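Coordinate analysis (summary)
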Amino acid sequence: MTMPPTCSGLLCLSLLLGKSLLVSSVQVVTSGQQNISLNGKWTLENSNGSLSLPAEVPGCVHTALLKQGYIQDPYYRFNDVAYGWIALDNWTYTTTFTVPSDMRAKQRVMLVFEGIDTISTVSLNGAAVGRTDNMFLQYDFSVGALLTEGDNVLTVSLASPVRYAAQRSEAHSYRVPPDCPPEVQQGQCHVNYIRKEQSSFSWDWGPSFPTAGLWKGVRLEAYDVLRVLHLATVPVYNQTSSGWSLQVELQVEVVAEVTRGQLTLSLPGLDTQQTFPVRFLPGRTRNTYTLHVTTSGPVELWWPSGHGDQSSYPLTLQGVLGPGLTFTADTKVYFRTVELVQEPVPGSPGLSFYFRVNGKAVFMKGSNWIPTHSFQDLVSPAGVRSLLESAVAANMNALRVWGGGVYQQDLFYSLCDELGVMVWQDFMFACALYPTEEDFMDSVREEVRQQVRRLKSHPSVVLWSGNNENEVALATNWFGIPGPERPLYVKDYVKLYVDNIRALVLEEDQSRPFLASSPTNGLASERQGWVADDPYDPRYGDTHYYSYSRDCWDWSAFPRTRFASEYGFQSWPSFSTLQKVSVPEDWSWDGPFSSHRQHHAEGNRQMLEQAGLHYHLPNATDPLRRYKHTLYITQVMQAQCVKAQTEFYRRSRSEVVGGKGHTMGALYWQLNDIWQAPSWSSIEFGGKWKMLHYFAQRFFAPVLPVGFEDGVSMVIYAVSDLSVDLNLTAQVSVLSWSRPDPVCTLSSPATLVRGNSATPIFRQPVDALLKGCGNCTRRSCLLAFHLEDNHGARWGPGNHHFLCSPRDAEGIEAPHITTEVRGDGERGYTVTLHSTSVAPFVWLDAGDVPGRFGSNGFLMASRSQEVGFVPWGPTSAEELGRALTVTSLRDVY
Ligand code: BMA
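1. Observations regarding the overall build of the chain
The number of helices and strands found in the chain is 18 helices and 53 strands. Since a compact globule built from 893 residues should have a radius of gyration of about 29 Å, the 29 Å found for the chain is in line with a globular shape. Expressed as lengths along the three principal axes of its C-alpha atoms, the size of the chain is roughly 90 × 70 × 70 Å. The contacts of the chain with a sequence gap of at least 6 include a subset with a gap of at least 24, amounting to 70%. Accessible area of the chain: about 32,100 Å², with a carbon and sulfur share of 51%. Side-chain charges in the chain split into 70 positive and 86 negative, and the spacing between the mean points of these groups amounts to 3 Å.

As structure tokens, then:
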């Protein structure tokens, strides 16, 4: 059976032309090269042949079984456990194809797998071609000699990843912990022995779906002389000459003898062009050319979102080699510098930890990115775009691609380039110790080389980081390693992350910083042999901080860190999201479904305990109403907790208190979800924003008033990420819970708020403030405030401060809130809310209508308010109106 090549979009065009290829998101055309896509329908069989089915490539066994109706939605109810057998079996993918004779006649025919998940043996026409053991690698096999005139049969036999990991662990001469995930995760063991998405064996926010498959494209590439493997461009700024140059790196594979010719690089937008003589040696070589930018005009730079544009320049590359062989490539080049600054901080022991982009200190605002689906072949470009746009819409300028997932697809980084999102890129090692035997290390080394080469042209990538939490796992002995054995594990740690990963990164890319771990003390960890006594030390490096039982409103509990790269609280997703994978009997807080989806031990209890510190817990007699209200209250708790913590970090950027401070980053845990379950995310699986994401839009605003109590005083800071200085006053209104108009208002004197600073702008004893304002008490009133310049123009969003827990507030009436929807799809919709009384945490839910509100989870202190709704798909005012539900805090008790 001959399968027609299938393809899509840009790639499709190039493959059908037979000579052009996307090489790490760069379009490369090489004359005389012919390519055939082997994507499309293959067949798939399990080990005893009882299952045989068509399977799409790229794809995986689970999605093939799903598409052919052998299994239901794996995310439905308890199916993750029910389908555990899939990962215990071995599976074979087979395809049959023909190759035209002119293609077979080429000097070399390469079989290219962009990604195999994970342990496999590849055979062509019955002959072994090679083995694979790392899902993060591209594999190329030379197969010319094996191709026949007629049908060619290609098989990829995949071993069970779970059994493989167990065998590797068994064969290892000493234990490399953790053996298994906590029971509550219902996951598989020994994932650290296999170079595959670490969270695919389960995580504290995700199911266990140890996938197997051909998760990326497969093709044949045939050529006579040369094939381009890789093209990277890295801009370099020369301080002395104040000029830019571009390092252009071309990796080629040459079959013939030494090949000579010339290469022309041009940056037309910068009046720069240069021709280089080239001489390629046989085999695989890396060739670097330095293009000096010669423009007399300015070079427009790439800036993180909120700090400037994301300017780029087209670069063309034209190679001519001997008679008739040419290759061309077109790409985009961005210019920026990045440094990780670790230097003494006046008045504070320790070292700073912040990113300087184009010479400017930038406060990193954002979150952590986890895999967006258990089945990578189901990750859609639209879904990735929607998440990244949602991040930027919430005023984020950075995301950390966390080390327990996958290196993201090219599109992710190209979008981050375009959107101005800085990427903290972990290598894929998380929450574990790792083996370091030779074959494992060889595979890791190749992984590092390939990934760094693939990603280093992206200005968005601002940091390489060795692993997630493995330094701290050793330092604080997560796995109970007996003292005498510790040196062995420290030696393995240094071997993997320092002697190998770091050394390779330095060899491949010195244009951005490298950290061995997160959290880490950075340079101070280095001085302690790469494993610090306390990697959580707030005076050095970055920190991760979680505390679920402490009152999250008490800012004094948070570490005054240099950089908060993880912190967060769980919440449940919305009812409409859960409904898709559950049935009515699942809709109770205490039922088996709720505990099944909760992979963090005691998570459900912790959420309600934290919520109970400040809010009444839902007590409706109708069970469904109570369930929905419980989902809501977890989101209120999460949003308010992460707000409190983030605002603390943002206001700590300019000061040192008790020797600590100068916080320059706040990346909460976590942006997105992998399935419909409780987690730390601010965006649900499917893209719907939780209350936290609406809060993030405000607490990450470029200019923000932050209010808090310091001893007896109410204090307001003006936080600004702008470059300009502003003259601002804080306008404070004292509101009563029981009536919509302010009881009284007051304003601070005008204060100079420097660009990129947090400046105290208002301070008054709470008692005095209340005394001067009618009959206000802590329980009957709250504060609302915003920033204004001397022309009365508002800067940044408004904010508020509760003087008691809403649970203890006096006078919150049960509001009657009605909604009215107007508008057409073109310009979005307007929802007008009318309320009979003051309402906190007003939550609009559009059910299954995809889109987002302009604002949500807000305090409604006036009788009416307008909120926009941006639909993400076709809908109508009527449909939105029908779907819309409103909840506010008083509704839940
Ligand atoms: C940190 C992360 C993840 C985890 C999260 C929540 O440890 O690095 O491993 O999901 O906390 O527990």
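2. Some details on the pattern of salt bridges
All chains considered together, the criterion is met by 46 salt bridges. A salt bridge links Glu-249 to Arg-286; the nearest nitrogen and oxygen atoms lie 3.2 Å apart. Pair noted here: Glu-249 is in strand β18 (residues 243-254) and Arg-286 is in strand β21 (residues 283-292), with a separation of 37 residues, a long-range link. Residue classification places Glu-249 among the buried positions, given a relative accessible area of 9%. Given the relative accessible area of 33%, Arg-286 is considered partly exposed. Three or more residues are tied together by salt bridges with common partners; here these are Glu-114, Asp-140, Arg-219, Glu-221, Arg-227, Glu-253 and Arg-284.

3. Observations concerning the packing of helix α6 (residues 381-393) against helix α7 (residues 410-419)
Where α6 meets α7, the axes come as close as 10 Å, and the angle between the chain directions of the two elements is 30 degrees. If you check the angle between α6 and α7, you find them roughly parallel. Between α6 and α7 lies a crossing whose hand is right-handed. Of α7, the residues touching α6 (which contributes Pro-381, Val-384, Arg-385, Leu-388, Glu-389 and Val-392) are Leu-411, Phe-412, Leu-415, Cys-416 and Leu-419. Looking at the contact of α6 with α7 residue by residue, the class counts come to 9 nonpolar, no polar and 2 charged.

4. Topic: the state of the cysteines
Going through the model one piece at a time under the given rule, you end up with 4 disulfides. Here Cys-180 is linked by a disulfide to Cys-189, with a sulfur-sulfur distance of 2.1 Å. In this structure the cystine formed by Cys-180 and Cys-189 twists about its S-S bond by roughly 100 degrees; its chirality is therefore right-handed. Accessibility expressed as a relative area gives 41% for Cys-180, which makes it partly exposed. In this model Cys-776 forms its disulfide with Cys-781; the gap between the sulfur atoms is 1.9 Å. Since a negative S-S torsion denotes a left-handed disulfide, the Cys-776-Cys-781 link at about -70 degrees is left-handed. The exposure class of Cys-781 is buried, given its relative accessible area of 2%. Across the chain, the way the bonded cysteines pair up, counted in sequence order, is 1-2, 3-4, 5-6, 7-8. Sulfur of Cys-431: no disulfide; nearest cysteine sulfur belongs to Cys-180 and is 15 Å away.

5. Examining the packing of aromatic side chains
We describe a pair of aromatic rings using the distance from one ring centre to the other and the angle between the two ring planes. Evaluated as defined, the whole model comprises 56 aromatic pairs. Taken together, a centroid distance of 6.1 Å and an interplanar angle of 70 degrees make the contact between Phe-113 and Phe-141 edge-to-face. Here Phe-113 is found in strand β8 (residues 108-113), whereas its partner Phe-141 is found in strand β11 (residues 139-142), with 28 residues between them in sequence. Per residue, the accessibility class of Phe-113 equals that of Phe-141, and both read buried. Measuring from ring centre to ring centre gives 5.6 Å for Trp-424 and Phe-563, while their planes differ by 45 degrees; the resulting arrangement is tilted. You can see Trp-424 sitting in strand β31 (residues 422-426) and its partner Phe-563 sitting in the loop between β34 (543-545) and β35 (564-567), a full 139 residues away along the chain.

6. So, the site of the ligand
Lining the immediate environment of the ligand, one finds Trp-203, Asp-204, Trp-205, Trp-402, Cys-431, Asn-468, Glu-469, Tyr-546, Glu-566, Trp-669 and Trp-680. In the model, an oxygen atom of the ligand is placed 2.8 Å from a nitrogen or oxygen of the Trp-205 side chain. Tallied by class, residues from the shell around the ligand come to 7 nonpolar, 1 polar and 3 charged.

7. Some remarks on the sheet that holds strand β48 (residues 828-835)
The antiparallel open sheet is built from 4 strands, whose spatial order is β47-β48-β52-β50. At either end of the open sheet lies a strand with only one pairing partner, and these are β47 (817-824) and β50 (851-853). Sheet twist, expressed as the mean angle between neighbouring strand axes with direction ignored, is 20 degrees. In the sheet, β50 pairs with strand β52 (residues 864-871) via 3 bridges, with the strands oriented antiparallel. Each bridged residue has a counterpart across the sheet, and for Phe-853 the counterpart in β52 is Phe-869.

8. Some words on the nonpolar core
Among the nonpolar cores identified, the biggest contains 160 residues, and Phe-427 and Ile-501 are the most heavily contacted of them. The biggest single contributor to this core is helix α15 (residues 623-651), with 11 residues. In this structure, Ile-501 is in contact with Phe-427, Phe-429, Val-444, Val-448, Leu-496 and Phe-514, ignoring residues within four places of it in sequence. Within the second largest apolar cluster, 39 residues are counted, among which are Leu-38, Leu-65, Val-109 and Leu-158.

9. Some remarks on unusual backbone geometry
Going from Val-57 to Pro-58, the amide bond is cis rather than trans, its omega being 0 degrees. By the secondary structure assignment, Pro-58 is in the loop between β5 (52-57) and β6 (59-60). In this structure, Thr-118 follows Asp-117 across a cis peptide bond, with omega equal to -10 degrees. Mapping Thr-118 onto the fold places it in the loop between β8 and β9 (120-124). Even without glycine at this site, Asn-358 takes up a positive phi of about 50 degrees. Within the element layout of this structure, Asn-358 appears in the loop between β27 (354-357) and β28 (360-362). Phi is positive for Trp-530, which is not a glycine, with a value near 80 degrees. Its place among the elements puts Trp-530 in the loop between α11 (523-527) and β34.

10. Overview of the sheet that holds β9
Ordered in space as β5-β4-β7-β12-β9-β10, the 6 strands form an open sheet in which the pairing is antiparallel. Since the sheet does not close on itself, it has two edges, and those belong to β5 and β10 (127-132), each with one partner. Taking each pair of neighbouring strands and ignoring which way they run, the sheet shows an average axis angle of 25 degrees. Bridge analysis of β9 against strand β12 (residues 152-158) gives 5 bridges, and the strand direction is antiparallel. Considered in β12, the bridge of Thr-121 is made with Ser-157.

11. Focus on the packing of helix α8 (residues 438-455) against helix α10 (residues 486-508)
Across the interface, α8 lies against α10 with an axial gap of 10 Å and an inter-helix angle of 30 degrees. By the angle class used here, α8 and α10 are roughly parallel. The interaxial crossing formed by α8 with α10 has right-handed handedness. Seen from α8, the contacting residues are Glu-438, Met-441, Val-444, Arg-445, Val-448, Arg-449, Val-452 and Arg-453; seen from α10, they are Lys-495, Leu-496, Asn-500, Ile-501, Leu-504, Val-505 and Glu-508.

12. Quick notes on the side chain of Glu-655
Checked against the element boundaries, Glu-655 lands in the loop between α15 and β36 (656-657). A polar contact of 2.8 Å, which involves the side chain of Glu-655, links it to the side chain of Tyr-717. Setting aside chain neighbours within four positions, we find Glu-655 in contact with Arg-560, Lys-660, Gly-661, His-662 and Tyr-717.

13. Points about the environment of His-614
Relative to the assigned elements, His-614 resides in the loop between α14 (603-612) and α15. Among the residues examined, His-614 registers a relative accessible area of 5% and is labelled buried. Once the C-alpha coordinates of His-614 and Pro-559 are considered, the two residues, 55 residues apart in sequence, prove to be 22 Å apart. In this structure the side chain of His-614 is engaged in a polar contact, spanning 2.7 Å, whose partner is the side chain of Ser-805.

14. Some words on the confidence of the model for the chain
Put simply, the chain has an average pLDDT of 95, and 97% of its residues get 70 or more. Overall, residues 1-19 carries pLDDT values under 50, and its contacts beyond four positions in sequence, including any with other chains, amount to 37 contacts.

The rules behind these values
Residues numbered from 1 in each chain as written. Predicted model: local features only at pLDDT ≥ 70, side-chain atom pairs only at ≥ 80, totals over all residues. Heavy atoms only, no water. Helix = DSSP H or I, 4+ residues; strand = E, 2+ residues; numbered from the N terminus. Rg over C-alpha atoms; globule rule 2.2 N^0.38 Å. Contact = heavy atoms within 4.5 Å. Areas by Shrake-Rupley, 256 points an atom, 1.4 Å probe, with all protein chains shown as cover. Lys, Arg positive; Asp, Glu negative; His and termini not counted. Charge placed at Lys NZ, Arg CZ, Asp CG, Glu CD. Salt bridge = Lys/Arg side-chain N within 4 Å of Asp/Glu carboxyl O. Buried < 20%, exposed > 50% of the residue type's maximum accessible area, 1.4 Å probe, protein only. Axes fitted to C-alpha atoms, helices over the stretch in contact; angles between N-to-C directions. Parallel < 35°, antiparallel > 145°, perpendicular 65-115°, else oblique. Left-handed = near helix turned anticlockwise from the far one by under 90°. Nonpolar A, V, L, I, M, F, W, Y, C, P; charged D, E, K, R; others polar. Disulfide = S-S within 2.5 Å. Phe/Tyr/Trp six-rings, centres within 6.5 Å; stacked < 30°, edge-to-face > 60°. Near = heavy atom within 4 Å. Polar contact = N/O pair within 3.5 Å; in protein donor to acceptor, adjacent residues only side chain to side chain. Pairing = 2+ DSSP bridges. Core = buried A, V, L, I, M, F, W, Y, C linked by side-chain atoms within 4.5 Å. pLDDT = per-residue confidence, 0-100.

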